[in-house]
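# Examining the three-dimensional arrangement
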Amino acid sequence: MTSVTTTETTTTETTTTETTTTVVAFAASTSTTSINKQLVTFAANQLTSVSEKAVSAKVLDLNDYLCPLFSEDMEKAIGKAESAEAFLTELQAADGFIISLAEHNGNFAAAFKNLYDWTSRLERKMFGDKPMLLLSTSPGQFGGASVMQIAQAGFPRMGANIISQFSLPRFHEAFVDGTITDKTQYNDFLAALHAFQATFKATFQATARHNTDTKQ
Ligand SMILES: Cc1cc2nc3c(=O)[nH]c(=O)nc-3n(C[C@H](O)[C@H](O)[C@H](O)COP(=O)(O)O)c2cc1C
């Protein structure tokens, strides 16, 4: 019923059954050791393991979408960034998003902000009014709370329908052997994930109702 594909070689699970929903997941970081990449991949895997319906989660790596540094002069010179166009294509093909935010000086990591700016010039409502689960983590005690606030304020203007959010402080102590070790934090994480998933279940039910109605 489920599959997870990634742009890396470490595909975690495959399936031959029909896929009905595609969640695009990514860390807003280009660090090759990104803790947000670890968290978002964990979330993508958990999503598929608890879903009642077929869901495919595709984990992107922002290193595959590097753009020149945005400026209006650069935009005049090159028109649009091809990587932003490819990124937007992924966003438009998705039914929902899981994004884990790295915090640099209280804000987005520069590589993500750059891609975000280029993409916004192609399509301001880049998230297409689709459901979003927002995550953040950092090694410190606030877990990226500041960048989380910035995303919560700004992403809806770009078409994000933020369903739920979860921040994990002190990543290196809190995420051990590939999981969230504290039971309360894990339950909070699951609550956010399940709220996100519930939007797809509602869609499945509405589709099933529609199919029944049109058969009558
Ligand atoms: C330039 C820079 C600024 C940072 N600023 C913050 C910050 O404001 N708040 C915070 O919690 N961590 C901050 N950190 C630590 C990051 O949270 C940490 O590097 C984390 O691993 C970034 O996420 P990533 O591994 O997914 O890229 C900063 C790190 C760098 C390199």
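Residues numbered from 1 in each chain as written. Predicted model: local features only at pLDDT ≥ 70, side-chain atom pairs only at ≥ 80, totals over all residues.

By the naming in an unreviewed UniProt entry, the chain is NADPH-dependent FMN reductase, taken from Ostreibacterium oceani. Under Cofactor (unreviewed entry), UniProt gives the following word-for-word description of the chain: "FMN". (UniProt positions renumbered as here; feature names shortened; annotations may be inferred.)

Here we take up the site of the ligand. Contacts to the ligand come from 16 residues, most closely from Ser29, Ser34, Asn36, Ala102 and Ser138. When residues of the shell around the ligand are traced back to their parent elements, those giving at least two are helix H1 (35-50) and strand E5 (103-104). Here the shell around the ligand is composed, by residue class, of five nonpolar, 10 polar and one charged. (Near = placed C-beta within 6 Å. Helix = DSSP H or I, 4+ residues; strand = E, 2+ residues; numbered from the N terminus. Nonpolar A, V, L, I, M, F, W, Y, C, P; charged D, E, K, R; others polar.)

What follows deals with helix H4 (residues 110-122). Taking 1.5 Å of rise per residue, the 13 residues of H4 would be expected to cover 18 Å, and the 19 Å separating its terminal C-alpha atoms lies within 8% of that figure. Listing the buried residues of H4 in full gives Ala111, Phe112, Asn114, Leu115, Tyr116, Trp118 and Thr119. (Expected span 1.5 Å × (residues − 1). Buried ≥ 20, exposed ≤ 12 C-beta atoms within 10 Å, placed from the backbone.)

A word on the nonpolar core. Counting 56 residues, the largest nonpolar core has Val23, Ala25, Phe26, Val40, Ala43, Ile98 and Leu115 as the members making the most contacts within it. The element contributing the most residues to this core is H1, with seven residues. Setting aside residues up to four positions removed in sequence, Val40 forms contacts with Ala25, Phe26, Ala27, Val59, Ile98, Ser100 and Leu135. (Core = buried A, V, L, I, M, F, W, Y, C linked by C-beta atoms within 7 Å. Contact = placed C-beta atoms within 7 Å.)

Moving on, we come to the pairing of strand E3 (residues 55-60). Judged by how many residues are buried, E3 sits mostly within the fold: five of six residues are covered. Summarising the sheet, strand E2 (residues 21-28) and E3 pair through six bridges and their orientation is parallel. Its bridge partner lying in E3, Thr22 is registered against Ser56. (Pairing = 2+ DSSP bridges.)

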